[in-house]
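# Chain and residue survey
Single-letter residue listing:
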Amino acid sequence: MPCTLFISDLHLDPQRPEITRLFLDFLENRGRTAEGLYILGDLVEAWIGDDDDSALAGAVCAGLRDCAGSGTAVYVMHGNRDFLLGKDFATASGCTLLTDPAAIDLYGQTTLLMHGDLLCTDDTEYMAFRGMVREPQWQQAFLAKPLAERRQIALQLRETSIEKTHGKLGSIMDVNQQTVVETMERHAVQRLIHGHTHRPGIHELTVNGKPAQRLVLGDWYEQGSVLECTPAGCQLQSLGMS
Ligand code: MN
């Protein structure tokens, strides 16, 4: 049966090589059996530019390129960590960059794909930060800095983010229900797939007066998490580390 896979929030990082191995193994095996693989943001913990010469960036690009080369259509959406993935990355990895949100036809049902951070509208501090780092001028100025300086800034941003996250209520960092419904109604969809919140689950809701589903992908910290969709339906699965 044809199948399409969705993953997000791998947060690949040189400090967690076991997760990188799990992902590369996933690309080599499961990834090749799918007709489509969608990576919905935060593939890596930090992306400091397509000219990054780190071993991790090289391994990720090579793994994606092999998977795409095997015939799987691989799509990548920006997350809040890797919003600088650019055209050169797409060329090197054989992936297609997706806008956020993106609507696709998933076995006959229009499905909206998002990273998920745009749904967390209660976190006004984060939304302001997001606005800043998505400005072309901010990105150009950042990318013009030497790699070593960019690495340093990425580390600082990450520490600030951890501090801010610890001070926030869990509910603030989850999706805003009204934003979810409004977004789905605006795009006229009854199904939404997103990540970001690290709260995997399948939620039933009402959109446009009709039953709808919100499928949330899990993160790759303790294990892998994948949503497998076939013409028969979608299923959330965990991937254990061997
Ligand atoms: Mn995220």
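Further up the page is the structure itself.
Residues numbered from 1 in each chain as written. Predicted model: local features only at pLDDT ≥ 70, side-chain atom pairs only at ≥ 80, totals over all residues. Heavy atoms only, no water.

Looking now at the overall build of the chain. Looking only at helices and strands, the chain has eight helices and eleven strands in total. The globule rule puts the C-alpha radius of gyration for 242 residues at 18 Å, and the 17 Å found for the chain is close to it. Taken over 242 residues, the chain has a buried fraction of 48%. Long-range pairs, those at least 24 residues apart, make up 66% of the contacts in the chain with a sequence separation of at least 6. Each charge class in the chain can be summarised by its mean position, and for the 20 positive and 32 negative side chains these summaries are 1 Å apart. (Helix = DSSP H or I, 4+ residues; strand = E, 2+ residues; numbered from the N terminus. Rg over C-alpha atoms; globule rule 2.2 N^0.38 Å. Buried < 20%, exposed > 50% of the residue type's maximum accessible area, 1.4 Å probe, protein only. Contact = heavy atoms within 4.5 Å. Lys, Arg positive; Asp, Glu negative; His and termini not counted. Charge placed at Lys NZ, Arg CZ, Asp CG, Glu CD.)

Let's shift gears to the coordination of the manganese ion. The manganese ion binds to the protein through Asp42 (OD), Asn80 (OD1), His115 (NE2) and His196 (ND1), with metal-donor distances spanning 2.1 to 2.2 Å. Considered as a linear motif, the donors of the manganese ion on their single chain read D-x37-N-x34-H-x80-H. With aspartate 42 in the loop between strand S2 (36–40) and helix H3 (55–69) and asparagine 80 in the loop between strand S3 (73–77) and helix H4 (87–93), this residue pair connects regions lying 38 residues apart in the sequence. Its relative accessible area of 18% is what places asparagine 80 among the buried residues. (Donors = N, O, S within 2.8 Å, 3.2 Å for Na, K, Ca; no water.)

Our focus in this paragraph is the sheet that holds strand S10 (residues 224–230). Sheet strands pair by backbone hydrogen bonding; their relative direction is either parallel or antiparallel. Reading across from one edge, S4-S3-S2-S1-S10-S11 is the order of the six strands in this open sheet, with mixed pairing throughout. A strand with exactly one partner marks an edge of an open sheet, and here the two such strands are strand S4 (96–98) and strand S11 (233–239). Averaged over all pairs of adjacent strands, the angle between their axes in this sheet comes to 25°, without regard to strand direction. The sheet contact formed by strand S1 (residues 4–7) and S10 spans three bridges and is antiparallel. From the neighbouring strand, leucine 5 faces S10, where its bridge partner is glutamate 228. (Pairing = 2+ DSSP bridges. Axes fitted to C-alpha atoms, helices over the stretch in contact; angles between N-to-C directions.)

This part takes up the state of the cysteines. Here the structure, examined in full by the defined rule, presents one disulfide. Each disulfide pairs two cysteine sulfurs, and for cysteine 229 the partner residue is cysteine 234, the sulfurs being separated by 2.2 Å. When the S-S torsion is 110°, as for the bridge of cysteine 229 with cysteine 234, the disulfide is right-handed. Cysteine 234 gets classed as partly exposed once you look at its relative accessible area, which sits at 23%. (Disulfide = S-S within 2.5 Å.)

A few words on the nonpolar core. With 38 residues, the main nonpolar core has Phe23, Ile39 and Leu64 as its most contacted residues. At the level of secondary structure, the elements contributing two or more residues to this core comprise S1, helix H1 (17–28), S2, H3, S3 and helix H7 (147–166). For this core, the element with the highest residue contribution is H3, accounting for seven residues. Sequence-distant contacts of phenylalanine 23, that is, excluding residues within four places in its chain, are made with Ile7, Leu10, Leu12, Ile39, Leu43, Val60, Leu64 and Trp220. Of all hydrophobic cores here, the second largest spans 14 residues; its members include Phe6, Ala102, Ile104 and Leu217. (Core = buried A, V, L, I, M, F, W, Y, C linked by side-chain atoms within 4.5 Å.)

Here we come to unusual backbone geometry. Aspartate 100 connects to proline 101 through a cis peptide bond whose omega is 0°. Topologically, proline 101 is positioned in the loop between S4 and strand S5 (102–106). Of note, tyrosine 107 is a non-glycine position whose phi angle comes to about 50°, a positive value. In the Ramachandran plot, histidine 198 falls in the positive-phi region, its phi being about 60° despite a non-glycine side chain. Along the chain, histidine 198 falls in the loop between strand S7 (191–194) and strand S8 (201–207).

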